[in-house]
Amino acid sequence: MAGVAGYVSRSEQEQKATNMVYYFLMANVFFMSVLSGSLLDQIGKSFLNPRDVPSHLARAVSARADFFMTYILTSGLAGFSIEMLQPGLLTWDTLKLHTWGRGKKKSNYLFSFPYYRVIPFVSLFVLIGIVYAVIAPLLLPFLIFYFLLGYVVYVNQFHDVYETTYETCGQYWPQIHHHVVVAIIVMQITMIGLFGLKSKPSTSIATIPLLIVTIAYNEYCKFRFLPTFYNCSVQVYFILVFIFLIYPLIKGCEPFSKGV
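Residues numbered from 1 in each chain as written. Predicted model: local features only at pLDDT ≥ 70, side-chain atom pairs only at ≥ 80, totals over all residues. Heavy atoms only, no water.

Draft legend 1. Main features of the packing of aromatic side chains. This structure, assessed with the given rule, holds 12 aromatic pairs. Measuring from ring centre to ring centre gives 6.3 Å for Y220 and F225, while their planes differ by 90°; the resulting arrangement is edge-to-face. Taking relative accessible area as the criterion, F225 reaches 38% and is therefore assigned partly exposed. Taken together through their ring pairs, the aromatic side chains of F30, F67, F68, Y71, F80, F125, Y132, Y146, F147 and Y154 make up a single cluster. (Phe/Tyr/Trp six-rings, centres within 6.5 Å; stacked < 30°, edge-to-face > 60°. Buried < 20%, exposed > 50% of the residue type's maximum accessible area, 1.4 Å probe, protein only.)

Draft legend 2. Spatial organisation of the pattern of salt bridges. Under the counting rule described, the total for this entry stands at 1 salt bridge. E219 is the salt-bridge partner of K222, the closest N and O atoms lying 3.8 Å from each other. Of this pair, K222 and E219 both sit in helix 9 (residues 201-224), 3 residues apart, which is roughly one turn of that helix. Exposure remark for E219: the relative accessible area of 44% places this residue in the partly exposed category. (Salt bridge = Lys/Arg side-chain N within 4 Å of Asp/Glu carboxyl O. Helix = DSSP H or I, 4+ residues; strand = E, 2+ residues; numbered from the N terminus.)

Draft legend 3. Broad picture of the environment of Q188. The topology assignment puts Q188 in helix 8 (residues 173-197). Residue Q188 is classed as buried on the basis of its relative accessible area of 9%. Placed 23 residues apart in sequence, Q188 and L211 show a C-alpha to C-alpha distance of 6.3 Å. In contact with Q188, not counting residues within four places along its chain, are T207, L210, L211 and T214. For Q188, the side chain forms a polar contact with the side chain of T214, separated by 3.0 Å. (Contact = heavy atoms within 4.5 Å. Polar contact = N/O pair within 3.5 Å; in protein donor to acceptor, adjacent residues only side chain to side chain.)

This is the structure:
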């Protein structure tokens, strides 16, 4: 989809795919799980009474804490095990080696780090943690365990498994910042509804300025810091040219320019 949209380079395609996958997971895993059972009725009520959206969201989020605890543990234990073993790619490489690829030069079946697959899931768990930090704090230890286990796994993958085919130059930081801001906005909307359910109208009204400040802060960061990530200095450019083009030629290897 990113290629059809007109993005030519592999890095731009993966960045666009990362954003699309995150919003897909946010809608499919978070909101669909929270509003499951009577989704169409909930959507209809939200359109008819938009003022009741925070209260409906708060009521639904509070009831699904157990599900997200199980989801975090399952994703952590099963997902990181699959990431370490790489069974799918290993099986594919074995079949290729003993069938149509027999006699050919064996190449590495793992390529660059799959940002478009890892970052959306990490951002989704950040969303879950921020939203449930006040509603169900018992979920946070499971989330901390997930991030600690993920840190150990991906440090190993970066060092010993994946091949660096292009330099990101921090291009994913604006997306991660945007995902965190979206999570904070969802949390604040949920808090407005939760305080309303607790019959605390003054507290609920006092939360609305926080929502406005969060949106204004995000716009300020776009104006002040976003251009920095898209305008690399000449020094950084020459360093990247040396690392990915000149140095491999000196060592007698193939340059890494094809992935940029």
